[in-house]
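Topology and contacts: notes
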Amino acid sequence: MNTKRFVLGATDPVIVTVQQHILREQRKHSPHATGSFSWLLSGITLATKMTEARVRRAGLLDMLGSAERVNVQGELQQKLDVYANAALVHCLGIRENVAIIASEEIDEAITFDGRSGPGKYVVVFDPLDGSSNIDVNVSVGTIFSILALPEDLRASDDASLAVLQPGVKQLAAGYVVYGSSTIMVYTTGHGVHGFTLDPAIGAFVLSHENIRMPRQGDYYSSNDGNWDTFPQPYRDYISYLRSGEAGRRYSLRYIGSLVADFHRTLLRGGVFLYPPTDKNPQGKLRLLYEANPVAFIAEQAGGFATDATQRILEIVPTDIHDRTPLIVGGPFEMAAFEKFVQPARRVPSLAS
Ligand code: AHG
Ligand code: MN
Ligand code: MN
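Residues numbered from 1 in each chain as written. Chains lettered and ligands numbered in written order. Predicted model: local features only at pLDDT ≥ 70, side-chain atom pairs only at ≥ 80, totals over all residues. Heavy atoms only, no water.

1. A word on the site of ligand 1
- Taken together, 18 residues lie around ligand 1, and Asp 129, Gly 130, Ser 131, Tyr 254 and Tyr 274 are the ones closest in.
- Leu 128 places a polar main-chain atom, nitrogen or oxygen, 3.3 Å from an oxygen atom of ligand 1.
- Leu 258 places a main-chain nitrogen or oxygen 2.8 Å from an oxygen atom of ligand 1.
- When ligand 1 sits alone it has 470 Å² of accessible area, and the protein chains cover 86% of it. (Near = heavy atom within 4 Å. Polar contact = N/O pair within 3.5 Å; in protein donor to acceptor, adjacent residues only side chain to side chain. Areas by Shrake-Rupley, 256 points an atom, 1.4 Å probe, with all protein chains shown as cover.)

Listed below in structure tokens is the structure:
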């Protein structure tokens, strides 16, 4: 019996969902891919779609405001932080191939016992990034990083050891921005790709293939309210960008949600900086689930990320919630930054 091939009509758009893309990428780069990774990623996409549905109607669902609980960061949890975290724990918890998860909102790493077999993956995430912006309807997001469970560690061993891996070990990283549209951006080490959530079909559809950071941008992004406590090299660098000496006078764009500030930097170029401050001498941003995923994506798109002394991706974590200064941007801005950090603490040359 000959099967009739279904051909999309000329009017039907040929769509590539994020699951199809992941599977295609996996098969291209590891022909024996079992789809296990795609199954894991579908847990993340489901959780972010659950969160997106709450973000879009937060004011109608008693999803605004604080949950009256302080998290391990010492920050007042917002109701949406709690919901987004629960959605990810649930959706990843029911995926057998996830061995361990760690979250900005949870003190310790979580292992999943009673599995039929040992999981393969460790997932680390910031379930809701930009919490201070939730109540004022400004873009927020979710950030995630996927690592392999080290061969010598079973899930029941010290889970945090499995989490404390440098960023170069990431198998994949990504984020979702709940903005004017909902966009997922991810990399598995083979370029950076963006998917827009189509509410009509409830799927993330390929919209930005092979994103590359522009060589030079027009914006710098930092909380200049902390100017007086920035170390001098940062102030000199920002003054240089503002001065016109870099061939243009940079404008300041600062949203206060890393995921949105970085997404603009990824697409338009420029530089995002969260330097050390008096309040956060180690930097405010968390290494494992903010700086590392962003750094992986930036490098895959032709940019670079440093803490001013070393490549972000080479920092060896000592605690799940380690913080770090973060300077991440395009080739021009990051090469220029090298000239302002102490010569003894030069970051690896971009040319290398
Ligand atoms: P989170 O909401 O997950 O705690 O992250 C907030 C972070 C990051 O999104 C943003 O870049 C930074 O905090 C903004 O900090 P300031 O308000 O100090 O500028
Ligand atoms: Mn965050
Ligand atoms: Mn958060």
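2. Things to note about the sheet that holds strand β5 (residues 121-129)
- One open sheet holds the 8 strands; their spatial order is β4-β3-β5-β6-β7-β8-β9-β10, and the pairing between them is mixed. Pairing within the sheet leaves two strands with one partner each, and these edge strands are β4 (110-111) and β10 (203-208).
- As judged from the 5 bridges shared by strand β9 (residues 192-198) and β10, these two strands associate in the antiparallel manner. Bridge assignment links Phe 195 to a residue of β10, and that residue is Leu 206.
- Seen against the sheet, helix α1 (residues 18-29) touches β8 (182-187), β9 and β10 and runs at an angle of roughly 10° to β8. (Pairing = 2+ DSSP bridges. Helix = DSSP H or I, 4+ residues; strand = E, 2+ residues; numbered from the N terminus. Contact = heavy atoms within 4.5 Å. Axes fitted to C-alpha atoms, helices over the stretch in contact; angles between N-to-C directions.)

3. Notes on the coordination of the manganese ion (ligand 2)
- For the manganese ion (ligand 2), every protein donor is listed as Asp 126 (OD), Asp 129 (OD) and Glu 290 (OE), and the spread of their distances is 1.9 to 2.1 Å.
- In the primary structure, the donors to the manganese ion (ligand 2) are separated according to the pattern D-x2-D-x160-E.
- Separating the manganese ion (ligand 2) from the manganese ion (ligand 3) is a distance of 3.7 Å, and Asp 126 supplies a donor atom to each of them. Note that Asp 129 is positioned in strand β5 and Glu 290 in helix α7 (residues 287-300), a separation of 161 residues in sequence. Comparing Asp 129 with Glu 290 shows no difference in burial state: the two are buried. (Donors = N, O, S within 2.8 Å, 3.2 Å for Na, K, Ca; no water. Buried < 20%, exposed > 50% of the residue type's maximum accessible area, 1.4 Å probe, protein only.)

4. Here we look at the nonpolar core
- By size, the foremost hydrophobic cluster in this structure holds 36 residues, and its most contacted members are Leu 40, Leu 92, Val 123, Phe 144 and Ile 146.
- Per element, the largest residue contribution to this core is 7 residues, and it comes from helix α3 (residues 79-93).
- Excluding its chain neighbours within four sequence positions, the residues that come into contact with Val 123 are Leu 40, Ile 44, Leu 92, Val 98, Ile 100, Ile 101, Ala 102, Ser 145 and Ile 146. (Core = buried A, V, L, I, M, F, W, Y, C linked by side-chain atoms within 4.5 Å.)

5. Structural notes on the pairing of strand β17 (residues 326-329)
- Burial along β17 is two-sided: the face carrying Leu 326 and Val 328 and the face carrying Ile 327 and Gly 329 are both buried.
- One ladder, built from 4 bridges, connects strand β13 (residues 271-274) with β17; its direction is antiparallel. What sits directly across from Leu 273, in β17, is Ile 327.
- With 3 bridges connecting them, strand β15 (residues 304-306) and β17 associate as antiparallel partners. By the bridge assignment, Thr 306 is partnered in β17 with Ile 327.

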